[in-house]
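Survey of secondary and tertiary structure
One-letter residues, chain by chain:
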Amino acid sequence: MGFFLQKALTSFIEPPGVFITIALFFGLLARKKGKESLKWIALAVIIYFFSTGIGIRFLAPSQNITPRYTSISQPQVIIVLGGGTYLDTYQNRFHPGPYSLLRLHQGYTLWQKEKIPLLVSGGQVWVKSGPSEAEIMADILLQWGVPQDDIITESQSRNTKENAQYCSQILLNNHWNSFYLVTSEIHLKRAMMSFQSFLPDANIIPISAHPPYDRTPIVLSDFLPSSQAFSAFAQIIHEYLGLVVLFINQRVINIQ
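Reference entry: report on the structure contained in this document. Throughout, a residue's number is its position along its own chain's written sequence, starting from 1. With the structure being a predicted model, the display of local features is reserved for residues of pLDDT at least 70 and the display and counting of side-chain atom pairs for 80 or more, all residues being used for whole-chain, interface and lining totals. To get the side-chain values, take all heavy atoms of the structure and skip hydrogens and water.

Some points on the overall build of the protein chain
Using the following cut-off: Segments assigned H or I by DSSP are reported as helices when at least four residues long, segments assigned E as strands when at least two residues long, and all are numbered from the N terminus. Whether a residue is buried, partly exposed or exposed follows from its accessible area with a 1.4 Å probe, protein chains only, as a fraction of its type maximum: under 20%, in between, or over 50%, in that order. Contacts are assigned to residue pairs with any non-hydrogen atoms lying within 4.5 Å of each other. Computed with the Shrake-Rupley method and a 1.4 Å probe, the accessible areas treat only the protein chains shown as cover for residues. A positive count includes Lys and Arg, and a negative count includes Asp and Glu. His and the chain ends are not counted in either. For this purpose, a charge sits on NZ of Lys, CZ of Arg, CG of Asp or CD of Glu.
Looking only at helices and strands, one finds nine helices and seven strands in the protein chain. Taken along the three principal axes of its C-alpha coordinates, the protein chain extends 70 × 50 × 40 Å. By the burial criterion, 42% of the 256 residues in the protein chain qualify as buried. Taking all contacts inside the protein chain whose residues are at least 6 apart in sequence as the whole, residues at least 24 apart take part in 73%. Put simply, the protein chain shows about 14600 Å² of open surface, and 61% of that area lies on carbon and sulfur atoms. Here the protein chain contributes 19 positive and 16 negative side-chain charges, whose respective centroids are spaced 14 Å apart.

This is the structure:
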């Protein structure tokens, strides 16, 4: 009990929990002065909802995406979408970011089982110097023992739409129409829709690399604000906005 109490106190004095504490403080202060305090309490509740595991579970239920099967059932390639990189200043080299590494490891696990080509996709999004995401991931795969002949890089894309666009060209050039699509769970829906827009007849098998939030049974810590939950909230909002943009783009294309 002492351990949980310590965790609870800590969660409300460091971000994002400290913002709940501040909102409640101003709410109590306003009430003592006879002013309206409801807006501060509402703000505290909103921040709490968006920064706890309980709130995230409501915002991001488990994805249940049905694979698109055609007459071709055997996947011919594994596509892994990049999810960011970072510069290791100690080694002075770029590495896959946490999401990229999780996606890459899932793709590598599939490769160990299937022994089919691995197509890693991702260009230079912000930094214009250094290797692309795809080249960084390819280097990791080589270190893990994947033969060079089994690795294909797509290093032009800067977003999900371009992932789908440039990967589709590679698939069509190789006459591949069935593939695994590996990315983060929260990203799968948008990635699937993007690939389907370029390859409407393809057999796409979605593979989740990781959920936006820990899917273990609900525990007491899920009721406390945490940076992990708030980070998941940011991912969810990013994907919702991405789906809106994708929907608008598709409607514009249909009208034209």
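Continuing now.
Regarding the sheet that holds strand β6 (residues 178–183)
One key point about sheets: their strands pair by backbone hydrogen bonds, in either a parallel or an antiparallel sense. Formally: DSSP bridges decide pairing: two strands pair if at least two such bridges lie between them. Fitted lines through C-alpha atoms give the axes, limited to the stretch in contact for helices. The angle between two N-to-C directions lies from 0 to 180 degrees.
Read from one edge to the other, the open sheet built from five strands follows the order β5-β4-β1-β6-β7, with strand pairing classed as parallel. One side of each edge strand has no neighbouring strand; the edge strands of this open sheet are β5 (151–154) and β7 (203–208). The mean inter-strand angle of the sheet, taken between neighbouring strand axes irrespective of direction, is 25°. Bridge count for strand β4 (residues 118–121) against β5 is four bridges, and the pairing is parallel.

Topic: the nonpolar core
Stated precisely, the cut-off is as follows: Note on terminology: a nonpolar core comprises buried Ala, Val, Leu, Ile, Met, Phe, Trp, Tyr and Cys residues joined through side-chain atoms within 4.5 Å.
Residues Ile78, Val120 and Leu141 are the most contacted members of the largest nonpolar core, which totals 21 residues. When contributions to this core are tallied by element, the ones reaching two or more residues are β1 (77–81), α5 (98–114), β4, α6 (133–143), β6 and β7. The biggest single contributor to this core is α6, with five residues. Sequence-distant contacts of Ile78, defined by excluding residues within four places in its chain, comprise Gly107, Leu110, Trp111, Ile116, Pro117, Leu118, Leu119, Tyr180 and Val182.

Some words on the packing of α5 against α6
Basically, it comes down to this: Any angle between 65 and 115 degrees counts as roughly perpendicular, while under 35 counts as roughly parallel, over 145 as roughly antiparallel, and the rest as oblique. Handedness of a crossing follows from how the near helix is turned relative to the far one, being left-handed for an anticlockwise turn of less than a right angle and right-handed for a clockwise one. Here the term charged refers only to Asp, Glu, Lys and Arg, the term nonpolar to Ala, Val, Leu, Ile, Met, Phe, Trp, Tyr, Cys and Pro, and the term polar to all other amino acids, Gly among them.
At their nearest, the axes of α5 and α6 sit 11 Å apart, and the two run at 50° to each other. In this view, α5 runs oblique relative to α6, as classed from their interaxial angle. The two elements α5 and α6 meet at a crossing, and its hand is right-handed. Where α5 abuts α6, its residues Ser100, Leu104 and Tyr108 lie against Glu133, Met137, Ile140 and Leu141. Classifying every residue of the contact of α5 with α6 gives five nonpolar, one polar and one charged.

A closer look at the pattern of salt bridges
Stated precisely, the cut-off is as follows: For salt bridges, the criterion is a side-chain nitrogen of Lys or Arg within 4 Å of an Asp or Glu carboxyl oxygen.
Counted according to the given criterion, the structure contains four salt bridges. Put simply, Arg93 and Asp139 hold a salt bridge, and the shortest N to O gap is 3.0 Å. Within this pair, whereas Arg93 is found in strand β3 (residues 93–96), its partner Asp139 is found in helix α6, the two being separated by 46 residues in sequence. Residues Glu162 and Arg158 are paired through a salt bridge, measuring 2.7 Å at the closest nitrogen-oxygen approach. Looking at Glu162, the relative accessible area reads 11%, which means it is buried.

Observations regarding unusual backbone geometry
The amide bond that connects Pro15 to the next residue, Pro16, takes the cis arrangement and shows omega of 0°. With respect to the helices and strands, the residue Pro16 is situated in the loop between α1 (2–11) and α2 (17–32).

Quick notes on the pairing of β7
We apply this condition: Handedness of a crossover is defined as follows: orient the strands so they point away from the viewer, and if the path from the first strand over the helix to the second runs clockwise, the crossover is right-handed.
Within β7, five of the six residues are buried, which leaves the element mostly enclosed by the surrounding structure. Of the strand pairs in this sheet, β6 and β7 are connected by six bridges, and their pairing is parallel. The residue bridging Phe179 from the neighbouring strand is Ile204, located in β7. Handedness of the β-α-β unit built from β6, helix α8 (residues 188–198) and β7 comes out right-handed.

Description of the side chain of Ser168
By the secondary structure assignment, Ser168 is in helix α7 (residues 160–173). For Ser168, a relative accessible area of 3% corresponds to the buried category. Beyond its immediate sequence surroundings of up to four residues, Ser168 is in contact with Phe195, Phe198 and Leu199.

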